[in-house]
Amino acid sequence: MSIQVKGLSKQINRQLIIDKISFDWQPGRIIGLVGRNGAGKTTLFRTMADHYLSTTGTLVIDGQDVKQAPQQRQQLFYIDTQNNFFNNQTLAQIAAVYALGYPAFDQDRFQHLLTAESLAGTSRYRQLSKGQRMLFQILLALVSGTPYVILDEPFDGLDILVRERIVARIVSEVAERQTSFLISSHNLEELDGLCDQVLFLKDQQLVANYDLEDLREQARKFQLVFPSKTVPAVVKTDGQLVKVYGRVLEVYFDHYTDAIDAGLKAAHPVMMTACPLTITDVFRVKLGDPRAVMVGD
Ligand SMILES: Nc1ncnc2c1ncn2[C@@H]1O[C@H](COP(=O)(O)OP(=O)(O)OP(=O)(O)O)[C@@H](O)[C@H]1O
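Predicted, not measured: the structure shown is a model, and the values here were computed from it.

Definitions and limits used
Residues numbered from 1 in each chain as written. Predicted model: local features only at pLDDT ≥ 70, side-chain atom pairs only at ≥ 80, totals over all residues. Near = placed C-beta within 6 Å. Helix = DSSP H or I, 4+ residues; strand = E, 2+ residues; numbered from the N terminus. Nonpolar A, V, L, I, M, F, W, Y, C, P; charged D, E, K, R; others polar. UniProt positions renumbered as here; feature names shortened; annotations may be inferred. Axes fitted to C-alpha atoms, helices over the stretch in contact; angles between N-to-C directions. Parallel < 35°, antiparallel > 145°, perpendicular 65-115°, else oblique. Contact = placed C-beta atoms within 7 Å. Buried ≥ 20, exposed ≤ 12 C-beta atoms within 10 Å, placed from the backbone. Pairing = 2+ DSSP bridges. Core = buried A, V, L, I, M, F, W, Y, C linked by C-beta atoms within 7 Å.

Draft legend 1. Molecular detail of the site of the ligand. Taken together, Ile12, Asn13, Ile17, Gly35, Asn37, Gly38, Ala39, Gly40, Lys41, Thr42 and Thr43 form the complete shell of residues around the ligand. Counting residues per element, the shell around the ligand draws most heavily on helix H1 (residues 41-48), which supplies three residues. Taken together, the residues that form the shell around the ligand break down as three nonpolar, seven polar and one charged.

Draft legend 2. Structural context of the UniProt feature "domain: ABC transporter" (unreviewed entry) in the chain. Mapped onto this numbering, the UniProt entry annotates "domain: ABC transporter" (unreviewed entry) at residues 3-228. In residues 3-228, helix accounts for 33% and strand for 30%; the two terminal C-alpha atoms are 52 Å from one another.

Draft legend 3. Local environment of the packing of helix H4 (residues 130-143) against helix H5 (residues 160-177). Axis separation between H4 and H5 bottoms out at 10 Å; the angle between their running directions is 5°. Judged on the interaxial angle alone, H5 and H4 are roughly parallel. In contact with Gly131, Met134, Leu135, Ile138 and Leu142 of H4, H5 contributes Val162, Arg165, Ile166, Arg169 and Glu173.

Draft legend 4. Local environment of H1. Taking burial as the measure, the eight residues of H1 include eight buried ones, the bulk of the element. Positive backbone phi, at 70°, marks Asp50, one or two positions downstream of H1.

Draft legend 5. Local environment of the environment of Arg177. Here Arg177 lies in helix H5. Counting along the chain gives 13 residues from Arg177 to Glu164, while the straight-line C-alpha distance between them is 20 Å.

Draft legend 6. A look at the sheet that holds strand S7 (residues 148-152). Taken in spatial order, the six strands make up an open sheet running S6-S7-S8-S3-S9-S10, and their pairing is mixed. Each edge of the open sheet is held by one strand with a lone partner, namely strand S6 (76-78) and strand S10 (205-211). When the angles between neighbouring strand axes are averaged without regard to direction, this sheet yields 20°. Both strand S9 (residues 197-202) and S10 contribute to a ladder of six bridges, which runs antiparallel. Within S10, the position partnered with Val198 by the bridge is Tyr210. Sheet strands touched by H1: strand S3 (30-35), S6, S7, strand S8 (180-184) and S9. Its angle to S7, the strand with the most contacts, is close to 150°. Its contacts with the sheet put helix H10 (residues 279-287) on S3, S9 and S10, and the angle it makes with S9 is roughly 25°.

Draft legend 7. Spotlight on unusual backbone geometry. Positive phi, normally seen in glycine, also occurs at Asp50, with a value near 70°. Turning to its location among the elements, Asp50 is positioned in the loop between H1 and strand S4 (56-61). Classification of Asp50 as partly exposed rests on a count of 14 C-beta atoms within 10 Å. The phi angle at Gln204 is positive, at roughly 70°, despite the residue not being glycine. Positionally, Gln204 belongs in the loop between S9 and S10.

Draft legend 8. Local environment of the nonpolar core. Leu139 and Ile150 are the most contacted members of the largest nonpolar core, which has 66 residues in total. When residues in this core are grouped by element, the largest group, nine residues, is from H4. Not counting residues within four places of it along the chain, the set of residues in contact with Leu139 comprises Phe110, Leu113, Leu114 and Glu117.

Draft legend 9. Summary view of the pairing of S8. Summarising burial for S8: five of the five residues are buried, a large majority. The alternating pattern of S8 places Ser180, Leu182 and Ser184 and Phe181 and Ile183 on opposite faces, both of which are buried. For S3 and S8, the ladder comprises four bridges, and the chain directions are parallel. Pairing of Gly32 across the sheet is with Ile183, part of S8.

Pasting the structure below:
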């Protein structure tokens with residue numbers, strides 16, 4: 001049981017939007033997809049869900065290539081939040097449409113969750129607020145009975161209480177049903193507490209794929225002050241400067257080793273403090289402009 005995304009590319013108007021994206025998506029995992037605006041996240045989702053025909057590559061779902069076994073895509077749930085057709089439909093009508101497409105759609109659970117979220121089946125989709133629309137879409141995903149769910153920007157513009165409700169729904173679904181989620185977001189703090197794995201998209205390609213537990217074991221971030229203004233070679237060769245506050249250098253090391261540790265200590269730092277590592281740090285290092293280092297107050 002897994003999804004393997006294999007060399008997925010999409011070209012639109014002769015422009016390559018995503019380029020040979022490959023990764024494995026295991027059951028029960030929550031994967032974050034991050035990238036700067038226009039990096040290709042929505043295009044990757046649309047191509048995975050077959051809303052766009054892929055230019056190259058395929059998906060293998062539970063061992064079967066979707067090109068030979070297209071019914072396997074019923075295991076994958078995705079609502080295109082930008083292009084959907086149901087503005088004038090009631091929530092009950094929309095659910096009926098989804099029930100046709102997903103054989104394991106659970107109508108009883110849908111009614112139960114709708115009531116729990118104080119939503120009425122008779123309301124029209126267009127009458128819902130942004131947060132209610134996202135909650136409704138997540139409810140559809142949960143009752144669709146699909147083991148793999150894609151959520152595009154589920155936290156976008158939502159207040160903290162709605163975000164917390166969404167996170168709670170996702171976490172309980174993973175715990176109770178082993179549902180797996182692939183979530184794109186610019187809200188890196190929210191992803192930090194939620195995800196097991198993070199994919200970084202840049203220049204059409206997947207530039208990093210981290211298991212967050214491994215990352216926290218391998219990578220380190222330090223605040224360093226050295227006796228002289230010369231930055232030691234080990235910082236330049238093995239580290240990446242994240243921020244500079246006066247004499248304090250905030251430096252990220254992708255693979256922190258004993259040799260790097262010895263190299264730093266040999267430079268007799270006046271201060272060497274390990275700091276908690278966040279997805280935001282890795283985002284800055286992997287996806288930011290390498291020449292632009294943030295200068296603090
Ligand atoms: N149908 C389309 N026709 C032409 N260009 C497109 C189309 N869809 C996407 N693009 C282009 O592909 C690039 C990636 O767009 P996409 O929406 O996938 O990015 P994204 O990572 O989801 O961005 P954001 O974080 O801003 O939502 C953009 O430059 C966009 O203009």
